[in-house]
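Survey of secondary and tertiary structure
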Protein chains: 2
Amino acid sequence: MDSKIVSLRSKLEIYKAGSGGGNIVDCPVRDVIQGISNKWSSLLMMALAEKPYRFGELRRLVPDISQRMLTQTLHDLQRDGYVHREVFPTKPPSVEYSLTDLGRSMFGPLHQLLQWAELNHGAVRDARAAFDATET
Amino acid sequence: MDSKIVSLRSKLEIYKAGSGGGNIVDCPVRDVIQGISNKWSSLLMMALAEKPYRFGELRRLVPDISQRMLTQTLHDLQRDGYVHREVFPTKPPSVEYSLTDLGRSMFGPLHQLLQWAELNHGAVRDARAAFDATET
DNA sequence: CTATATGAGTCTCAAAAAGAGACCAGCACT
DNA sequence: AGTGCTGGTCTCTTTTTGAGACTCATATAG
């Protein structure tokens, strides 16, 4: 585990030192991460990892997302190559969203993080309560 | 204690079945994930995983974050228990931020995701280019 | 025949969040 | 006396998000 952190350390050193070449602002990791670190992306990935869903199904599955943000988030996930969008010529045409291979590949590590969240929800909730208590 | 920790999959199944038991809106995973899935959290975690930093150091390390968002993101990370904030009584008082045990624990899976991003940056960039090409 | 519903969005407008940059305090150095 | 350093906060503007009406072609109900 320490070795992984060391590899990241050298990344940071490189970007820090890079007045001429690399800048942390242009970091490729940031470029990819910013596409999935928003309010709805991981939730939709989580849903689609289970099975493909249609637009309306996702909307009912995640009742507090607005249609506007559902459209936009799916569009962004599709653009980054995580999600495949397929239109079926039914009489009211239906659209199915599913994970691509790249999406399934990304969901591997994402799922680890989701599992951590599930396991440590209690610890985080306690930390919040303690912090809010000392703040008041 | 939270004895009712349910697996991610069964959460979804429960919602689909339409029973009154579980609602995805109150999902504990969402509660935790939304705290770290924003523009700056993972980046600051990445920096602090390397070593503790002071406020001004972080600001220089991430030059495109505003002081306002740096303050706020660090505050939120501290509230959730990932980051420890320590004030040193130097002559202009300095403040050091470091990861807590919980923070290091969370950075494990997060680091997997960051590594995935580093490895697959090319694939994502290509997907974007292809998508933008067919869109025009 | 008219009324209403459906699926997958788009459009508009209001609210919330983020970004830019000035300003604050105390102390050291010049 | 002026400047810089520290770690912020305050205010203002721009961007992003949310809420909700509207589209369009077809289907079914009354």
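Above this note sits the structure.
Residues numbered from 1 in each chain as written. Chains lettered and ligands numbered in written order. Predicted model: local features only at pLDDT ≥ 70, side-chain atom pairs only at ≥ 80, totals over all residues. Heavy atoms only, no water.

So, the protein's contact with DNA strand D
The local shell around DNA strand D holds 19 residues, among which A:Arg68, A:Met69, B:Gln67, B:Arg85 and B:Tyr97 are the closest. For DNA strand D, the fraction of protein-proximal atoms (within 4 Å) that sit in sugar or phosphate groups is 61%. Between DNA strand D and A:Arg68 there is a distance of 3.3 Å, counted from a base nitrogen to a side-chain nitrogen or oxygen. A distance of 3.5 Å separates a phosphate oxygen of DNA strand D from a polar backbone atom of B:Val95. Elements supplying a minimum of two residues to the surface near DNA strand D: helix H5 (67-79) of chain A together with helix H4 (55-61), helix H5 (67-79) and strand S3 (94-99) of chain B. Per-element accounting of the surface near DNA strand D gives the leading share, four residues, to H5(A). Classifying every residue of the surface near DNA strand D gives seven nonpolar, six polar and six charged. (Near = heavy atom within 4 Å. Polar contact = N/O pair within 3.5 Å; in protein donor to acceptor, adjacent residues only side chain to side chain. Helix = DSSP H or I, 4+ residues; strand = E, 2+ residues; numbered from the N terminus. Nonpolar A, V, L, I, M, F, W, Y, C, P; charged D, E, K, R; others polar.)

Points about the packing of aromatic side chains
Taken as a whole and judged by the stated rule, the model has two aromatic pairs over all chains. The interplanar angle of 50 degrees and the centroid separation of 6.1 Å between the aromatic rings of A:Trp116 and B:Tyr82 together place this pair among those described as tilted. Here the residue A:Trp116 occupies a position in helix H6 (residues 101-135), and B:Tyr82 occupies one in the loop between H5 and strand S2 (83-88), the pair thus bridging two chains. The same class applies to A:Trp116 and to B:Tyr82, which are both buried. (Phe/Tyr/Trp six-rings, centres within 6.5 Å; stacked < 30°, edge-to-face > 60°. Buried < 20%, exposed > 50% of the residue type's maximum accessible area, 1.4 Å probe, protein only.)

Here we look at the pairing of strand S2 (residues 83-88) of chain A
Residues and elements named next belong to chain A. Sheet analysis places S2 next to strand S3 (residues 94-99), joined by six bridges and oriented antiparallel. In the sheet register, Glu86 faces S3, and the bridge partner there is Glu96. Between S2 and S3, which pair antiparallel one after the other, the connecting turn spans five residues. (Pairing = 2+ DSSP bridges.)

Quick word on the relation of the copies chain A and chain B
It takes a turn of 180 degrees to lay chain A on chain B, together with a shift of 0.0 Å along the axis; the resulting RMSD is 0.1 Å. Here the symmetry operator amounts to a two-fold rotation axis. Proximity to the rotation axis, assessed at the C-alpha, singles out A:Ser37 in chain A; its C-alpha lies 2.1 Å from the axis. Here 92% of the interface residues in chain A have copies in chain B that are interface residues too; the copies meet face to matching face. (Least-squares fit on C-alpha atoms with pLDDT ≥ 70 in both. Contact = heavy atoms within 4.5 Å.)

A word on the environment of B:Gln67
Residue and element names in this part refer to chain B. Of note, Gln67 is situated in helix H5. With a relative accessible area of 43%, Gln67 lands in the partly exposed category. Once the C-alpha coordinates of Gln67 and Pro109 are considered, the two residues, 42 residues apart in sequence, prove to be 28 Å apart. In contact with Gln67, not counting residues within four places along its chain, are Phe55 and Arg59.

Brief notes about the pattern of salt bridges
For the coordinates displayed, the defined rule picks out twelve salt bridges over all chains. A salt bridge links A:Asp80 to B:Arg128; its shortest N-O distance comes to 2.7 Å. On the criterion of chain membership, the pair formed by A:Asp80 in the loop between H5 and S2 and B:Arg128 in helix H6 (residues 101-135) is interchain, its members lying in two chains. By relative accessible area, which is 5% here, A:Asp80 ends up buried. A salt bridge links A:Arg128 to B:Asp31; its shortest N-O distance comes to 3.0 Å. Here A:Arg128 is found in helix H6, whereas its partner B:Asp31 is found in helix H2 (residues 28-36) on a different chain. Classification of A:Arg128 by relative accessible area gives buried; the value is 12%. Classification of B:Asp31 as partly exposed rests on a relative accessible area of 33%. (Salt bridge = Lys/Arg side-chain N within 4 Å of Asp/Glu carboxyl O.)

As far as function goes, none of this settles anything; it's purely spatial.
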